[in-house]
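Each chain, written out:
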Amino acid sequence: MIWLPALPSGRTLVVTGLAVLAGLLVAVGGWAWWDAQQRRALADHAEVMARVQPALAPDVSGEIKAVAMRELEQLLARAPSARTVPEAAYELGNIRFSAGQYAAARNAYELALQRGASGLVRALARSGLARTWEAERDFAQAAAAYGALVKDLDPRSFLYEDALMDQARVLELAGKKDEAIATYQRVLKDVPTAKRAEDVRSRLASLGAAAR
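Cut-off values and rules
Residues numbered from 1 in each chain as written. Predicted model: local features only at pLDDT ≥ 70, side-chain atom pairs only at ≥ 80, totals over all residues. Heavy atoms only, no water. Salt bridge = Lys/Arg side-chain N within 4 Å of Asp/Glu carboxyl O. Helix = DSSP H or I, 4+ residues; strand = E, 2+ residues; numbered from the N terminus. Buried < 20%, exposed > 50% of the residue type's maximum accessible area, 1.4 Å probe, protein only. Core = buried A, V, L, I, M, F, W, Y, C linked by side-chain atoms within 4.5 Å. 1 Å grid on protein atoms, 1.4 Å probe; cavity = no way out; pocket = protein on both sides within 12 Å on 5 of 7 lines; lining within 4 Å. Points joined across faces, edges and corners; volume = space filled by probe spheres on them. Nonpolar A, V, L, I, M, F, W, Y, C, P; charged D, E, K, R; others polar. Expected span 1.5 Å × (residues − 1).

### Describing the pattern of salt bridges
Side chains that carry opposite charge are capable of pairing whenever their charged atoms lie near each other.
Right, on to step 1. Within this structure, the stated rule accounts for 13 salt bridges.
Right, on to step 2. Arginine 126 is paired through a salt bridge with aspartate 152; the nearest N and O atoms lie 3.4 Å apart. Taken together, the residues span a long stretch of sequence, with arginine 126 in helix H5 (residues 119-135) and aspartate 152 in helix H6 (residues 139-152) at a distance of 26 residues.
Right, on to step 3. For arginine 196, the salt bridge identified is with aspartate 162, shortest N-O distance 3.1 Å. Of this pair, arginine 196 sits in the loop between helix H8 (177-190) and helix H9 (197-206) while aspartate 162 sits in helix H7 (residues 160-173); the two residues are 34 residues apart in sequence, bridging distant segments of the chain.
Right, on to step 4. For arginine 196, a relative accessible area of 29% corresponds to the partly exposed category.
Right, on to step 5. Among the residues examined, aspartate 162 registers a relative accessible area of 35% and is labelled partly exposed.
Right, on to step 6. Connected through salt bridges with shared partners, the residues Arg122, Arg126 and Asp152 form a single ionic network.

### Structural notes on the nonpolar core
Right, on to step 1. Within the largest apolar cluster, 31 residues are counted, with the highest numbers of intra-cluster contacts made by Leu153, Tyr160, Val170, Tyr184, Val187, Val200 and Leu204.
Right, on to step 2. Every element with two or more residues in this core is listed here: H5, H6, H7, H8 and H9.
Right, on to step 3. If you look at the next biggest cluster of nonpolar residues, it comprises 26 residues, including Met69, Leu72, Ala82 and Phe97.

### Points about the layout of surface pockets
Right, on to step 1. There is about 160 Å³ of room inside the second largest pocket.
Right, on to step 2. Residue lining of the second largest pocket: Pro155, Arg156, Ser157, Phe158, Glu161, Asp162, Val191, Thr193 and Lys195, and that is the complete set.
Right, on to step 3. In terms of residue class, the lining of the second largest pocket is made up of 3 nonpolar, 2 polar and 4 charged.

### Side note on H8
Right, on to step 1. Across its 14 residues, H8 extends 20 Å between first and last C-alpha, which sits within 8% of the 20 Å expected from 1.5 Å per residue.
Right, on to step 2. When we look at burial in H8, the residues that qualify are Ala180, Ile181, Thr183, Tyr184, Gln185, Val187 and Leu188.

Right under this line is the structure:
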């Protein structure tokens, strides 16, 4: 005799179908809620960014900067998982930097990187990190940070030449002459059409090295 498995009853099929349907409804509902949250976060981000733009202009009062920083900090607290966090954190870093709050600015730039900043925002946040160290005259840390930026950039990027020049400059300031020379020479090697080629040759000459 051939044994055949028992077919599920009609009741079982109905229960299974309802369970699958309930799961789908929960999934759709969860996605709809998440999408609504993201839309609200985007709208909130746009409104805040419009209000804090004046704080990014030169010669702005400390009061305006303080208000802008507070607004951005509150925005990040309201939506800590929003897709806009990297950009908001980067702008917060810029305003803190302009206010002379270098360690706090560094924290904001690091947050932007930690939360997935990509493309131009990622590169600028890395540059911001380096600038905070340079502003604090920690030239060794600044050189390392500019070096990390250089590694993160394609030589064809419009930021690459300046990143190398910044790295070479702080290496000079850190007293690392040989490394500075090698970095200046790298500008001419990696960027054949460097806009600052004459500056590079001038720096190399002052360091007693030849352009190659």
